[in-house]
Amino acid sequence: LHAMAERPTPEIQRTALEATCLQTCSMTTAGVQKFLSKAMDPPAEETVAHAMDRLFKLGAIKTDTTSGGEFLTPMGRLLSILPLDPGTGRMLIMGAVMKCLDPVLTAAACFSSRDPFYVPPGMRDEAREIRQSFCNTSDLLATVRAYDEFQRVVYEEGWDSARRWASDNFVSVVALNTISSVRSQLLHELSRIGLVPDHDLEGYSSSKKTLRFDATVNHNSGNDSLFAAVWAAGLPGNIAARRQIGNFGTLRTRMEEHAGLHPSSVAFHRKPPRDRTPLPRWFLYREMMLSSQVFLRDVTAMRPEQLMLFGGHELAKRNFMGVDASDANASSELLDEAGEPIKPLENRRTMLDDWVVIDSSCADTMDLLTDVRREIDAALAFKVMAPRKPLPEASDAIVDAVSGVFRILDERDAHRERQFRRRDSLHADRADRGGGFRGARRT
């Protein structure tokens with residue numbers, strides 16, 4: 001008892017402060033840091049600074065050059081109405097804009113609930129294989145698919161069959177019910193502020209209404225790549241890249257040079273796959289933790305096109321060193337793999353968040369993707385300003401075009417995967433016949 005603290009740590013000093021800072025901005029213009037420093041148990045300055053930086057990246061606040069404080073943007077005012085994390089709120093708004101709200105609702109509910117997958121004693125490998133059977137590139141997508149499958153079994157076969165299905169797949173029914181309850185609450189809040197029109201809902205009780213199967217906000221809900229990209233809208237700084245040099249499995253983020261996927265992730269690999277299938281190079285992560293090393297949890301593999309359109313918080317023309325190309329006096333400490341300073345290039349490059357260099361063999365493709373991202377941001381701004389109004393026809397056409405592009409990319413990747421499998425099967429057949437390899441003998 002003598003080793004225990006006299007009283008528990010105040011909540012303001014041990015929890016994320018994004019929602020607190022957002023509400024504080026609506027009450028004062030003198031500065032959030034100054035306001036919270038007057039609390040009985042003020043939070044650490046670096047914690048407040050981190051929360052404010054995330055709100056800036058979400059587009060929820062801006063700095064008042066006159067008073068030196070911060071003020072809410074239209075996005076911030078809308079997020080302050082929603083009783084949830086600001087990043088999750090922005091993700092939900094983007095889901096409504098891109099017409100893939102249902103899976104985004106499930107993902108948002110998962111953020112507020114415990115992991116529905118559990119590991120029985122002595123069955124770690126079996127539990128991992130089952131989870132990967134839902135999705136082997138995204139932890140969040142695996143959970144969303146498990147939830148959808150459980151709901152399908154309940155609807156088609158009844159509650160008893162659903163319980164047996166959950167037991168066979170190591171899924172907690174209690175956790176799934178919690179996700180369902182949170183989903184209903186989030187849907188009610190979105191309907192209340194007008195992001196979900198009444199004609200998209202069905203049900204008698206206002207607290208238990210569900211989305212219709214033909215809801216306009218659900219038109220693209222079957223596009224996995226689209227709503228996986230929409231998740232990036234709520235995590236603007238959580239991008240990781242697989243390093244091309246160094247140990248296998250090493251990732252780099254904007255702040256960490258040596259991070260790794262958590263061993264519990266469905267995308268984790270201890271060594272390169274035997275079938276030589278290319279591994280994803282980009283990931284979106286929800287949480288970073290430090291134990292024996294820096295680990296990334298709740299990761300989702302991303303394509304460059306997904307990051308280009310939805311990832312990060314700033315897409316700008318910069319020189320290769322990551323500084324504004326218009327600033328002639330700017331300097332950088334970026335080094336190449338040999339440790340030598342990188343020399344600035346005369347031509348400017350498109351950069352995401354000042355550390356991801358985006359390039360293409362076709363300049364027109366870069367300009368087109370940049371313009372599409374600008375149109376998506378405009379559609380989001382329109383929805384924030386007028387939640388109850390439908391998108392303009394031009395913005396609606398852009399949304400449908402983006403969905404179509406992601407479907408084409410899915411088909412392309414599926415074709416490549418089939419080619420890899422066909423090539424590996426041919427190599428295996430040649431090996432069985434004793435041909436195709438140097439030194440092999442035919443019998």
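What counts, and where the lines are drawn
- Here the residue index of a chain counts from 1 through its sequence in written order.
- With the structure being a predicted model, the display of local features is reserved for residues of pLDDT at least 70 and the display and counting of side-chain atom pairs for 80 or more, all residues being used for whole-chain, interface and lining totals.
- Water and hydrogen atoms play no part in the side-chain values, which are based on all heavy atoms of the structure.
- DSSP bridges decide pairing: two strands pair if at least two such bridges lie between them.
- The numbering of helices and of strands both runs from the N terminus, where a helix is a DSSP run of H or I of at least 4 residues and a strand a run of E of at least 2.
- Each axis is a line fitted through C-alpha atoms, taken for helices only over the stretch in contact, and angles between the N-to-C directions span 0 to 180 degrees.
- Residues belong to one nonpolar core when they are buried, are Ala, Val, Leu, Ile, Met, Phe, Trp, Tyr or Cys, and are joined through side-chain atoms within 4.5 Å.
- For every residue, the accessible area (1.4 Å probe, protein chains only) is compared with the maximum for its type, and the residue is labelled buried under 20%, exposed over 50%, or partly exposed between those bounds.
- Contact definition: two residues touch when any of their heavy atoms are within 4.5 Å.
- Angle categories: roughly parallel below 35 degrees, roughly antiparallel above 145, roughly perpendicular from 65 to 115, and oblique for all the rest.
- For this classification, the nonpolar set comprises Ala, Val, Leu, Ile, Met, Phe, Trp, Tyr, Cys and Pro, the charged set comprises Asp, Glu, Lys and Arg, and every other residue, Gly included, is treated as polar.
- In this scheme, a helix's expected span is set at 1.5 Å multiplied by one less than its residue total.

**Section: the sheet that holds strand E7 (residues 259-261)**
Phase 1 of the analysis: Strand order around the closed barrel formed by 5 strands is E5-E6-E7-E9-E8, with mixed pairing between neighbours. Along the sheet, successive strands turn relative to each other by an average axial angle of 50 degrees, direction set aside.
Phase 2 of the analysis: Taken together, the 2 bridges between strand E5 (residues 239-242) and strand E6 (residues 250-252) define a ladder with antiparallel strand orientation. Residue alanine 241 lies in a different strand from E6, and its bridge partner there is arginine 252.

**Remarks on the sheet that holds strand E10 (residues 315-318)**
Phase 1 of the analysis: Strand order in the open sheet formed by 3 strands is E10-E11-E12, and the pairing between neighbours is antiparallel. Sheet topology places E10 and strand E12 (356-358) at the edges, where each strand pairs with a single neighbour. The mean angle between the axes of side-by-side strands here comes to 40 degrees, regardless of whether they run parallel or antiparallel.

**With respect to the nonpolar core**
Phase 1 of the analysis: Core analysis: the biggest nonpolar cluster contains 99 residues, and Cys21, Leu92, Met98, Leu211, Trp231, Phe310 and Val402 have the highest contact counts within it.
Phase 2 of the analysis: With near-sequence residues (within four places) excluded, valine 402 lies in contact with Met98, Leu226, Leu309, Phe310, Val372 and Ile376.
Phase 3 of the analysis: Ranked by size, the runner-up nonpolar core spans 12 residues in total, among them Ala240, Phe268, Val299 and Ala301.

**Quick look at the packing of helix H8 (residues 139-157) against helix H10 (residues 173-193)**
Phase 1 of the analysis: Relative orientation of the contacting elements H8 and H10 amounts to 95 degrees, with a least axis distance of 11 Å. In terms of orientation, H8 and H10 fall into the roughly perpendicular class. Packed against H8, whose contacting residues are Tyr147, Phe150 and Gln151, the element H10 presents Val173, Leu176, Ile179, Ser180 and Arg183 at the interface.
Phase 2 of the analysis: Of the residues belonging to the contact of H8 with H10, the class tally is 5 nonpolar, 2 polar and 1 charged.

**Considering the pairing of strand E11 (residues 349-352)**
Phase 1 of the analysis: Here E10 pairs with E11 via 4 bridges, running antiparallel. Bridge pairing in E11 places arginine 318 opposite arginine 349.
Phase 2 of the analysis: In this structure, E11 lies alongside E12, joined through 3 bridges in antiparallel fashion. In the sheet register, threonine 350 faces E12, and the bridge partner there is isoleucine 358.
Phase 3 of the analysis: Connecting E11 to the antiparallel partner E12 that follows it, the hairpin turn spans 3 residues, and aspartate 353 within it adopts a positive phi of roughly 60 degrees.

**So, the environment of glutamine 151**
Phase 1 of the analysis: Structurally, glutamine 151 can be placed in helix H8.
Phase 2 of the analysis: Sequence spacing of glutamine 151 and asparagine 177 is 26 residues, and the spatial spacing of their C-alpha atoms is 10.0 Å.

**Side note on helix H6 (residues 101-111)**
Phase 1 of the analysis: Counting buried residues in H6 gives 11 out of 11 residues, a clear majority hidden from the surface.
Phase 2 of the analysis: Burial in H6 covers these residues: Leu101, Asp102, Pro103, Val104, Leu105, Thr106, Ala107, Ala108, Ala109, Cys110 and Phe111.
Phase 3 of the analysis: At its buried positions, H6 is contacted by helix H5 (86-97), H8, H10, strand E4 (210-211), helix H11 (224-231) and strand E8 (282-290).

**Observations concerning helix H13 (residues 363-385)**
Phase 1 of the analysis: When the terminal C-alpha atoms of H13 are compared, their 33 Å separation across 23 residues agrees well with the 33 Å that a helix rising 1.5 Å per residue should span.
Phase 2 of the analysis: Those residues of H13 that fall on the buried side of the exposure criterion are Met366, Thr370, Val372, Arg373, Ile376, Ala379, Leu380, Lys383 and Val384.

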